[in-house]
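# Coordinate inspection notes
Listed below are the residues making up each chain.
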Amino acid sequence: MKHKFFRQFMAPVCGMMLLGVASCEKMNISASDVGEEGVNVTVRVTSFEQVPFTLSRTRASVSDVCSRLNFLIYQNGERIRNEAQTIDDEGFGEIEFKLAKGRYYLVALAHSSNGNPTSTNSQKIQFTNATGYTDTFFCADSLIVGDEDVECALNLKRIVSMVRFIFEDAIPQRADRIRFYYTGGSGTLNANEGGWGVVDSKQEQWYDISHTESKFEIYTIPHTAAREYLKVMATTYHQNGEDAADILTEKNIEQIPVMRNHITTCRGYLFSPVYKMDISLSVDDVWDTDTIDFQF
């Protein structure tokens, strides 16, 4: 069978700055009194409330957690600044720019996607299939700029859930790539409402197959704090020419439970005719402290 193969991120620190990062929830901006001269604003990522499994809470640096940072400034619902950094930039994790006196909304994102999200609308900041989905951290709150320079330190919180697939059967020798196509989560967040998902996305993640790795991970942004469910189609391919591939195996896995800051571990047989897929919602202690088991 042939198939077309498409390639495809403390409190206030000084001056008139008010940045309530503990809540990082609602956007509330009134009309601003904008002065003519700009004031220096320095934004620094200082901590992450949760970090990846391999890192300690106290020793994780910004470059340990992500490879991209986005600092977004909105005023009256309009994005007026879009500052992006990559891990290769000098001073990664700290940025300085000028803002006129007034009231703003600051959004910070930390991730490791292949590109920056679409961020024109703070209520629909979108990661895409083309850039990929990764562990993602977020903070947002009001920012008031007065007459004095502003420095602010940010603590970012994870807004995604992860599904980790561990396959117990051998990967077919002819398999070159594997595609996970999944629905039930979101790739788009609402920065005005705590970074929760706002659309029902059709997400996909591609991996090259090394035949020594039997673990694959996908990420999604939940819509609410309640448990949600993903439907995942896992398909393996053998590339046949530049733009097409043969489908070797295909398996549909439904009702996979996901929650923000939780890891769902799926173990079972993907490539053989035997059907066995045990699902457990297991959590590393730097993500969360509860463990929920699920089996179907």
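Worth saying up front: this structure is predicted, and the values here are computed from it rather than measured.

### Regarding the overall build of the chain
The helix and strand tally for the chain stands at one helix and 20 strands. Among the 296 residues that make up the chain, the fraction classed as buried is 51%. Of the roughly 13800 Å² of accessible surface on the chain, 45% is carried by carbon and sulfur atoms.

### Considering the pairing of strand S15 (residues 215-220)
Within S15, five of the six residues are buried, which leaves it mostly tucked inside the rest of the structure. Two elements, strand S10 (residues 161-167) and S15, share six bridges in a ladder whose sense is antiparallel. When the bridges of S15 are listed, methionine 162 appears paired with tyrosine 219.

### Re the sheet that holds strand S6 (residues 102-111)
Within a sheet, each strand pairs with its neighbour through backbone hydrogen bonds, oriented either parallel or antiparallel. Spatial strand order, S4-S3-S6-S8-S9-S2-S5: seven strands in an open sheet with mixed pairing. On the outer flanks of this sheet lie strand S4 (78-86) and strand S5 (94-100), each paired with one strand and no other. Shown here is a sheet whose adjacent strand axes are inclined to one another by a mean of 25°, direction ignored. Pairing of strand S3 (residues 68-75) with S4 involves eight bridges; the strand directions are antiparallel. Its bridge partner lying in S4, isoleucine 73 is registered against arginine 81.

### Notes on the confidence of the model for the chain
Across the chain, the average pLDDT comes to 80, with 74% of residues at 70 or higher. Note on residues 1-36: pLDDT under 50 across the span, and 119 contacts to partners over four residues away in sequence or across chains. Taken as a whole, residues 291-296 scores under 50 in pLDDT and shows 25 contacts with residues more than four places along the chain or in a different chain.

### Here we look at unusual backbone geometry
A negative phi holds for most residues other than glycine; trans holds for most peptide bonds. Phi at asparagine 76 is positive, roughly 55°, even though this residue is not glycine. Summarising the element assignment, asparagine 76 is placed in the loop between S3 and S4. For glutamine 255, which is not glycine, the phi torsion reads 55° and is therefore positive. With respect to the element layout, glutamine 255 can be found in strand S17 (residues 244-258).

Thresholds, definitions, all that
- Residues numbered from 1 in each chain as written.
- Predicted model: local features only at pLDDT ≥ 70, side-chain atom pairs only at ≥ 80, totals over all residues.
- Heavy atoms only, no water.
- Helix = DSSP H or I, 4+ residues; strand = E, 2+ residues; numbered from the N terminus.
- Buried < 20%, exposed > 50% of the residue type's maximum accessible area, 1.4 Å probe, protein only.
- Areas by Shrake-Rupley, 256 points an atom, 1.4 Å probe, with all protein chains shown as cover.
- Pairing = 2+ DSSP bridges.
- Axes fitted to C-alpha atoms, helices over the stretch in contact; angles between N-to-C directions.
- pLDDT = per-residue confidence, 0-100.
- Contact = heavy atoms within 4.5 Å.

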